[in-house]
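Structural overview for review
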Amino acid sequence: MALLSGDDIMQSHVIATSTHHGHYQECKMETQMEAMTMYQSFSASRRRNRSSTNGLGTNEKGQLGQWGRAWEVDSFSLVSILLLLCFAPFLVFYFVMTCDQYQCSLMDPLMEVYTGKTTPLDIWNQAASFSWTAAKIYAIWVSFQVVLYMCLPDLCHYFLPGYVGGAQEGARTPAGIINKYEVNGLQSWLITHVIWFANAYYFKWFSPTIIFDHWIPLLWCTNILGYAVSVFAFVKGYLFPTNAKDCKFTGNIFYDFMMGIEFNPRIGKWFDFKLFFNGRPGIIAWTLINLSYAAKQQELYGYVTNSMILVNVLQGIYVVDFFWNEAWYLKTIDICHDHFGWYLGWGDCVWLPFLYTLQGLYLVYNPVQLSTANAIGVLLLGLAGYYIFRMTNHQKDLFRRTDGNCKIWGRKPAYIECSYSSGDGAKHKSKLMISGFWGVARHFNYTGDLMGSLSYCLTCGFNHLLPYFYIIYMTVLLVHRCIRDEHRCSSKYGKDWKRYTDAVPCRLIPGIF
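The structure presented is a predicted model; accordingly, all values stated were derived computationally and were not measured. Residue positions are counted from 1 within each chain, in the order its sequence is given. Only residues with pLDDT of at least 70 are given local features in this predicted model, and only at 80 or more are side-chain atom pairs given and counted; all residues enter the totals for whole chains, interfaces and linings. Think of the side-chain values as coming from all heavy atoms in the structure, minus any hydrogens and water.

Details of the layout of surface pockets
If you roll a probe as big as a water molecule over the atoms, it shows you where there is empty space left. Our working rule: Here a cavity is any set of points on a 1 Å grid over the protein atoms alone where a 1.4 Å probe fits but cannot get out, and a pocket is any open set with protein on both sides within 12 Å along at least 5 of 7 lines; a residue lines the site when it has an atom within 4 Å of a point. Grid points are joined across faces, edges and corners, and a volume is the space filled by probe spheres set on the points. Put simply, DSSP marks the helices as runs of H or I at least four residues long and the strands as runs of E at least two long, and each gets a number from the N terminus on. Residues were grouped as follows: Ala, Val, Leu, Ile, Met, Phe, Trp, Tyr, Cys and Pro as nonpolar; Asp, Glu, Lys and Arg as charged; and all remaining residues, including Gly, as polar.
Size it by volume and the second largest pocket reaches roughly 530 Å³. Looking at the second largest pocket, it is lined by 22 residues, and the ones nearest its centre are I137, W141, W196, I211 and L288. Mapped by element, the contributors of at least two residues to the lining of the second largest pocket are α7 (132–151), α9 (185–203), α10 (210–213), α11 (215–239), α13 (273–301) and α17 (342–355). Taken together, the residues of the lining of the second largest pocket sort by class into 19 nonpolar, three polar and no charged.

Put into structure tokens, the structure is as follows:
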């Protein structure tokens, strides 16, 4: 989930990043063997050195700092966390409200308040309030996704070549536990959308515009669930954790509430909070939300613009790709290293479905019909970004799985062999590829991601800033992560990292940055 967290701001994670946006790890924890070495080192250290917080000593914290969130919180981090907790919900409300009341203009409400034409209270009172109808819709939606997640084992992997689903193992946790997951997200997505289209064209149980028609009341419902699950996870971490050895406590309730205490909170054997909330209510809804926007555009204007079709197609490709690679997702930072707190719980319920779909919302209020040339250009930009994103990560995955014994762009890949020391002082070696897309720029997967993000925004034209929040946010997030990750890689690899950056001098854009 790509919400800039307190740990992002203070650079306290040592492991680079993946998000709900599917970003891959860059240079840390290259193999499961390295993870096991670190865990074994932690276990030995724990027997030698015990201290205060969570029963861990300074040496242990230094080693386990590579896992998940921080052990200690500085004042800057605390202020950042408090600001996010206080203002992130209002930011989401403000963006949605501007479309509902001001045709998606971000400046008009501010100017009206400044000039005295209205007051914040007037704006608040004009917004739709919580409704029990919206609550019933959302309760049915979440319950339906729970049923699909828990009660229907995956069948797609039996007949879709190349798809990996069904019961899968995750990465080893810091306590040495390997959790099992039922990977059936693609199946859930397919069933949900078959029912959606069957209803729209045949059964007529509900209007295809149902999501848009209750959008602001649904915002209150998603906030209720986001805060409820975050509070539950917080209390559960203290009173009845799934595995106490995988919990982290800083002693600061605000930080622990936001970044989470439990590593893998579960109910029963299969209901995993992180996998469910990261992927199901928000990302499956993403494409349904866009379809509801398209239906509303058809209802209001009698047609669907090519820009709305582009948003549905380009973002739909991303969502399907996410579920196609859900088994891989089990090895990313969201599952392997993030603890479950407000950052994931509220972010997945509210931030993702409301802010990642701003382009479609904007196009309902401001329909844009692109010229044929512009539409083709936007489509090609989005497809090119997706291709770069997917192939860049495929090349790294192939290189790691074969230990470099493969072909990238028709030839054996070149790499720089690096050495580093783990927490127990043991020496290890790692390979950093400098071929294929990884020879073009050091984070070229991020470049492809940003190209796709920009294509979503360009569908909306240039009359308002609101649809461009997404590319601005993603640029800040990913550039920050580039710099943060490279600082850590430099500390880890030393002079070998300098050799690597000399071989691949650019971070994101060849010849520029």
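Topic: the UniProt feature "transmembrane region" (unreviewed entry) in the protein chain
As a reminder of what qualifies: UniProt positions are given in the numbering used here, feature names are shortened, and annotations may be inferred rather than shown by experiment.
In this numbering, the UniProt entry assigns the feature "transmembrane region" (unreviewed entry) to residues 76–97, 138–160, 186–203, 215–235, 300–320, 340–358, 370–389 and 465–483. Across residues 300–320, the secondary structure splits into 81% helix and 0% strand, with the terminal C-alpha atoms separated by 29 Å. Secondary structure across residues 340–358 divides into 79% helix and 0% strand, with the first and last C-alpha atoms of the span separated by 26 Å.

Regarding the nonpolar core
This is how it is decided: Only buried residues count toward a nonpolar core, which is a set of Ala, Val, Leu, Ile, Met, Phe, Trp, Tyr and Cys residues joined through side-chain atoms within 4.5 Å. Buried, partly exposed and exposed residues are distinguished by accessible area as a fraction of the type maximum, computed with a 1.4 Å probe on protein chains only: under 20%, between the cut-offs, and over 50%, respectively.
In terms of nonpolar packing, the biggest core is built from 110 residues, with W215 and W351 touching the most fellow members. Ranked by the residues each element gives to this core, the list is headed by α13, at 12 residues. One finds I416, C418, C489 and Y493 within the second-largest nonpolar core, a separate group that totals nine residues.

Quick look at helix α19 (residues 372–401)
Our working rule: Helices are assigned an expected span. That span is 1.5 Å times one less than the residue count.
Counted at 1.5 Å a residue, the expected span for α19 with its 30 residues is 44 Å, and the 43 Å between its end C-alpha atoms agrees. Where α19 ends, the next residue or the one after it, D403, has phi of about 55°, a positive value.

Details of the pattern of salt bridges
Convention followed: What makes a salt bridge here is a side-chain nitrogen of Lys or Arg within 4 Å of a carboxyl oxygen of Asp or Glu, nothing more.
Summed over all chains, the structure comprises 13 salt bridges. E262 is the salt-bridge partner of K236, the closest N and O atoms lying 2.9 Å from each other. In this pair, K236 sits in helix α11 while E262 sits in the loop between α12 (253–259) and β3 (266–267), placing the two residues 26 residues apart along the sequence. Side by side, K236 and E262 carry an identical accessibility label, which is buried. For the salt bridge of R507 with E486, the shortest nitrogen-to-oxygen distance reads 3.1 Å. Linking R507 in the segment after α22 (495–503) with E486 in helix α21 (residues 469–493), this pair joins segments that are 21 residues apart in sequence. Judged by relative accessible area, R507 falls into the partly exposed class, the value being 23%. Assessed through its relative accessible area of 5%, E486 is described here as buried. One network of salt bridges, with partners in common, ties together D213, K296 and E299.

Examining the packing of aromatic side chains
Basically, it comes down to this: Only rings of Phe, Tyr and Trp enter the pairing, Trp through its six-membered ring, and a pair is recorded when the two centres are within 6.5 Å. The plane angle decides the type: under 30 degrees is stacked, over 60 is edge-to-face, the rest tilted.
For the coordinates displayed, the defined rule picks out 48 aromatic pairs. Judged by centre distance (5.1 Å) and plane angle (55°), the rings of F93 and W124 are tilted. Highlighted residues: F93 in helix α4 (residues 75–102) and W124 in helix α6 (residues 120–126), separated in sequence by 31 residues. Aromatic pair F273 and F277: ring centres 6.1 Å apart, planes at 35°, arrangement tilted.

Things to note about the packing of α7 against α11
Here is the rule: Between N-to-C directions, angles cover 0 to 180 degrees, with each direction set by a line fitted to C-alpha atoms, over the stretch in contact for helices. Small angles under 35 degrees read as roughly parallel and large ones over 145 as roughly antiparallel, with 65 to 115 read as roughly perpendicular and the rest as oblique. Handedness of a crossing follows from how the near helix is turned relative to the far one, being left-handed for an anticlockwise turn of less than a right angle and right-handed for a clockwise one. Contacts are assigned to residue pairs with any non-hydrogen atoms lying within 4.5 Å of each other.
The N-to-C vectors of α7 and α11 enclose an angle of 50°; their axes lie 9 Å apart at closest approach. Between α7 and α11, the interaxial angle falls into the category oblique. Both α7 and α11 take part in a crossing whose hand is right-handed. Contact residues: α7 offers A134, A135, I137, Y138 and V142, while α11 offers P217, L218, C221, T222 and L225. Classifying every residue of the contact of α7 with α11 gives nine nonpolar, one polar and no charged.

So, empty space enclosed by the protein
Summed over all chains, the structure comprises five cavities of 30 Å³ or more. Lining the second largest cavity are 14 residues, with Y318, G382, Y386, G452 and Y456 positioned closest to its centre. At the level of elements, α14 (306–324), α19 and α20 (444–458) are the ones that each hand at least two residues to the lining of the second largest cavity. Split into classes, the residues belonging to the lining of the second largest cavity amount to seven nonpolar, six polar and one charged.

Quick notes on the packing of α13 against α17
For the pair α13 and α17, the least separation of the axes is 9 Å and the interaxial angle reads 5°. Accordingly, the angle class assigned to the pair α13 and α17 is roughly parallel. Residues K274, F277, N278, G282, I283, W286 and I289 of α13 pack against L344, D348, C349, L352 and P353 of α17. Looking at the contact of α13 with α17 residue by residue, the classes come out as eight nonpolar, two polar and two charged.

Overview of the state of the cysteines
Note on terminology: a disulfide is the covalent bond linking the sulfur atoms of two cysteines. Stated precisely, the cut-off is as follows: For this text, the term disulfide refers to a pair of cysteine sulfurs within 2.5 Å.
Following the criterion strictly, the structure yields one disulfide and no others. A sulfur-sulfur distance of 2.2 Å marks the disulfide that ties C99 to C104. Torsion about the S-S bond of the C99 and C104 cystine: about 115°, corresponding to right-handed handedness. Comparing C99 with C104 shows no difference in burial state: the two are buried. In this structure C457 is not part of a disulfide, and its nearest cysteine sulfur, from C460, lies 7.0 Å away. Taking relative accessible area as the criterion, C457 reaches 0% and is therefore assigned buried. Under the relative-accessibility criterion, C460 is labelled buried at 1%.

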